[in-house]
Amino acid sequence: MRLRTLPLLVLLPALAACESARFQDRDIKAEGLAPGTMWDICENAARSVTGTELDPVGTDRGLKRMRTKWRTRAQPFRQGYRLRAEVVLLPEGEPPERWTVRYHVERQVNKDIAQAFQPEEDDWGGTTQDEQLEQRLGYLIELGIAQAKGERTPRGVGPGRSDPIEEQRKR
């Protein structure tokens, strides 16, 4: 009996890693903030971007992983969509004063246009990333970090963007 369950136990970590491996996560580095402060910053940013609360099934404060509930947008006669954000806090050092914030926003479309307002779980597919909302999530996290540290709030800072005020000063 034990020999039969051993291969399954070996495969479980690999199967769990498959879900996050299909997304290209974005990273933000931060330092000088307590774990509770970092959690609050990321939670507020994720809730703001998706407009939903944290999903208790996909959230574990001890593992520093949070996932929001699905935000569903029904669109009759077209494909509706739903989205959710996932954020993982990776501490660096003991006590953790340096952080890597890893995040992505997942988007799925409703494949069954006839069931636009009451889709089944099997009706959702076409999982992609929502890059525009990921940029907004990154900006809100960076903004929260700057405010918590008492620094000047970043403008236009985020993946692929620069601060327009700093650009003017360099000229």
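Heads up: the structure comes first, above all this text.
All values reported here derive from a predicted model rather than from experimental measurement.

Quick notes on the packing of aromatic side chains
1) Next: Tallied over the entire structure, the rule returns 0 aromatic pairs.
2) Next: Note that Arg82 overlies the ring of Trp70, its terminal NZ or CZ placed 4.0 Å from the centroid.
3) Next: Over the ring of Tyr81 we find Arg107; its NZ or CZ atom is 3.9 Å from the centre of that ring.

A closer look at the pairing of strand β4 (residues 81-92)
1) Next: Most of β4 sits inside the fold, with 9 of its 12 residues counted as buried.
2) Next: Note that strand β3 (residues 71-73) and β4 share 3 bridges and pair antiparallel. In the strand pairing of β4, Arg73 is matched with Tyr81.
3) Next: One ladder, built from 12 bridges, connects β4 with strand β5 (residues 98-110); its direction is antiparallel. Bridging from a neighbouring strand, Leu90 pairs with Thr100 of β5.
4) Next: Taken together, β4 and the strand that follows it, β5, pair antiparallel across an intervening segment of 5 residues, in which Gly93 is found at a positive phi of about 95°.

A few points about the packing of helix α2 (residues 35-50) against helix α3 (residues 131-148)
1) Next: Two elements in contact, α2 and α3, have axes separated by 9 Å at closest approach and are oriented at 145°. The chirality of how α2 crosses α3 is right-handed. Mapping the contact onto sequence places Thr37, Met38, Ile41, Cys42, Ala45, Ala46, Ser48 and Val49 in α2 and Leu133, Arg136, Leu137, Leu140, Ile141, Gly144, Ile145 and Ala148 in α3.
2) Next: Taken together, the residues that form the contact of α2 with α3 break down as 12 nonpolar, 3 polar and 1 charged.

So, how was this worked out
- Here, residues in each chain are numbered from 1, in the same order as that chain's written sequence.
- With pLDDT at 70 or above as the cut-off, local features in this predicted model cover only qualifying residues; side-chain atom pairs require 80 or more to be listed or tallied, and sums for whole chains, interfaces and linings still use all residues.
- Excluded from the side-chain calculation are hydrogens and water; included are all heavy atoms of the structure.
- Stacked, tilted and edge-to-face are the three classes assigned to paired rings of Phe, Tyr and Trp, where Trp is represented by its six-membered ring and a pair needs centres within 6.5 Å; plane angles under 30 degrees give stacked, over 60 edge-to-face, the rest tilted.
- Charge over a ring is defined by NZ of Lys or CZ of Arg lying within 6 Å of the ring centre and within 35 degrees of the ring normal.
- Relative accessibility thresholds used throughout: buried, under 20% of the residue-type maximum; exposed, over 50%; partly exposed, between the two (1.4 Å probe, protein chains only).
- The way it works is that DSSP assigns letters per residue, a run of H or I at least four long becomes a helix, a run of E at least two long becomes a strand, and they are numbered from the N terminus.
- Pairing between two strands requires that DSSP report at least two bridges joining them.
- Helix axes use the C-alpha atoms of the stretch in contact, all axes being lines fitted to C-alpha atoms, and the angles between their N-to-C directions lie in the range 0 to 180 degrees.
- By convention the crossing between two helices is left-handed if the near helix lies anticlockwise of the far one by an angle smaller than a right angle, and right-handed if it lies clockwise.
- What makes two residues a contact is simply this: any of their non-hydrogen atoms within 4.5 Å.
- Just so you know the grouping, Ala, Val, Leu, Ile, Met, Phe, Trp, Tyr, Cys and Pro go in nonpolar, Asp, Glu, Lys and Arg go in charged, and all remaining residues, Gly too, go in polar.

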